[in-house]
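Structural description and commentary
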Amino acid sequence: YVLKEPYDDDLKDPLRDPDKAFDDLAEIKYRAELELVDRYQSFVAELLRLSLAGIAVFGFLYEYLISSTNVLANVLAAFGVLMFGISAASALVFRFLASEGARFYIEALRFTRANVGREQKERAKKSLDIRDEKVRICRTSKGIAAVTLALGGVLEAFAFFLLLIAR
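This is a predicted model, so every value here is computed, not measured. (Residues numbered from 1 in each chain as written. Predicted model: local features only at pLDDT ≥ 70, side-chain atom pairs only at ≥ 80, totals over all residues. Heavy atoms only, no water.)

**Considerations on the packing of aromatic side chains**
To keep it simple, the criterion reads: Note on aromatic pairs: the rings of Phe, Tyr and Trp (six-membered ring only in Trp) are paired at centre separations within 6.5 Å, and the planes decide the class, stacked below 30 degrees, edge-to-face beyond 60, tilted for the rest. Each helix corresponds to a stretch of at least 4 residues labelled H or I by DSSP, and each strand to a stretch of at least 2 residues labelled E; elements are numbered beginning at the N terminus. Buried residues are those whose accessible area, probed at 1.4 Å on protein chains only, stays under 20% of the maximum for their type, while exposed residues exceed 50% and partly exposed ones sit between those limits.
This structure, assessed with the given rule, holds one aromatic pair. Each ring, one from Tyr40 and one from Phe94, has its centre 6.3 Å from the other, and the planes form 70 degrees; the classification is edge-to-face. One end of the pair, Tyr40, is in helix 2 (residues 27-67); the other, Phe94, is in helix 3 (residues 71-111), and 54 residues separate them in sequence. Classification of Tyr40 as partly exposed rests on a relative accessible area of 35%.

As structure tokens, then:
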């Protein structure tokens, strides 16, 4: 459902009509939305970068884990990598859906011209509803990315601590 196009109807889509698709769309109407998306994209990009770095740290720990008989450290490190993987996946979901949400917002703006009919205004509402669903998923995925990044870091830190104590 998330990747499926929201509608496939016969309404006159302003994005398919060259006279309306390239009409001026006041930047002031969507600038704040795009700036907000950009700020969140930057934040989540850092979460993604740190998650991938945490997975790379596992490569360093792996050398010690092979020779270690400390089962608890092995399990903690494995769960740490799992948390980093979930964090990276959640960050990617956020990045995709945030871009899609901005797309549906701008699409809704194109349907709200003064000369559009009731059907197009309803389609604008539908675009905003779809955007709202994507934003809700984004909020959740951003939180998941942040929490699992922290958990992954804590788990790998404990695994490394246990390996240092065992040596």
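There is more to say after this.
**Here we look at the packing of helix 3 against helix 4 (residues 118-166)**
So the rule is basically this: Every angle, taken between N-to-C directions, lies between 0 and 180 degrees, and every axis is a line fitted to C-alpha atoms, over only the stretch in contact when it is a helix. Each angle gets one of four labels, with under 35 degrees taken as roughly parallel, over 145 as roughly antiparallel, 65 to 115 as roughly perpendicular, and the rest as oblique. The sense of a crossing depends on the near helix, which, turned anticlockwise from the far helix by less than a right angle, makes the crossing left-handed and, turned clockwise, makes it right-handed. Only Asp, Glu, Lys and Arg are considered charged, only Ala, Val, Leu, Ile, Met, Phe, Trp, Tyr, Cys and Pro nonpolar, and every remaining residue, Gly among them, polar.
At a minimum axis distance of 6 Å, the contact between helix 3 and helix 4 shows a crossing angle of 160 degrees. Relative to helix 4, the element helix 3 is oriented roughly antiparallel. As helix 3 packs across helix 4, the resulting crossing turns out to be left-handed. The class makeup of the residues in the contact of helix 3 with helix 4 is 32 nonpolar, 10 polar and eight charged.

**Some remarks on the nonpolar core**
Soluble globular proteins tend to pack their nonpolar side chains together in the buried interior. Worth spelling out the cut-off: Definition used in this section: a nonpolar core is a set of buried Ala, Val, Leu, Ile, Met, Phe, Trp, Tyr and Cys residues joined via side-chain atoms within 4.5 Å. By the convention used here, residues are in contact when the closest approach between their heavy atoms is within 4.5 Å.
The biggest cluster of nonpolar side chains holds 14 residues, and the ones touching the most others in it are Ala91, Phe94, Ala98 and Cys138. In terms of residues, this core owes the most to one element, helix 3, which gives seven residues. In contact with Phe94, not counting residues within four places along its chain, are Tyr40, Gln41, Val44, Cys138, Ser141 and Lys142. One finds Leu76, Ala77, Leu155 and Ala159 within the second-largest nonpolar core, a separate group that totals five residues.

**Some words on a nonpolar patch on the surface**
Heads up, the condition is: A patch consists of residues exposed above 30% relative accessible area that lack any salt bridge, with like charges linked at up to 9 Å and nonpolar side chains (Val, Leu, Ile, Met, Phe, Trp, Tyr) linked at up to 5 Å. Note on areas: Shrake-Rupley, 1.4 Å probe, and residue coverage restricted to the protein chains presented here. Counted as salt bridges are all cases of a side-chain nitrogen of Lys or Arg within 4 Å of a carboxyl oxygen of Asp or Glu.
On the surface, a nonpolar cluster with roughly 490 Å² of combined accessible area is contributed by Val71, Val75, Phe79, Leu82, Ile86 and Ile144. Looking at which element gives the most residues to the nonpolar patch, the answer is helix 3, with five residues. Tracing the backbone shows Val71 in helix 3.

**Here we look at the pattern of salt bridges**
Going through the model one piece at a time under the given rule, you end up with five salt bridges. With its nearest N and O atoms 3.0 Å apart, the salt bridge here joins Arg131 to Glu33. Taken together, the positions of Arg131 in helix 4 and Glu33 in helix 2 put the pair 98 residues apart, joining distant regions of the chain. Judged by relative accessible area, which is 13%, Glu33 ranks as buried. The closest approach of N and O atoms between Arg103 and Glu100, which form a salt bridge, is 3.0 Å. One end of the pair, Arg103, and the other, Glu100, are both in helix 3, three residues apart, so they sit about a helical turn from each other.

**Some remarks on the side chain of Ser51**
For Ser51, the location among the structural elements is in helix 2. With residues up to four places along the chain from it excluded, the contact list for Ser51 reads Phe84, Ser87, Ala88 and Leu149.

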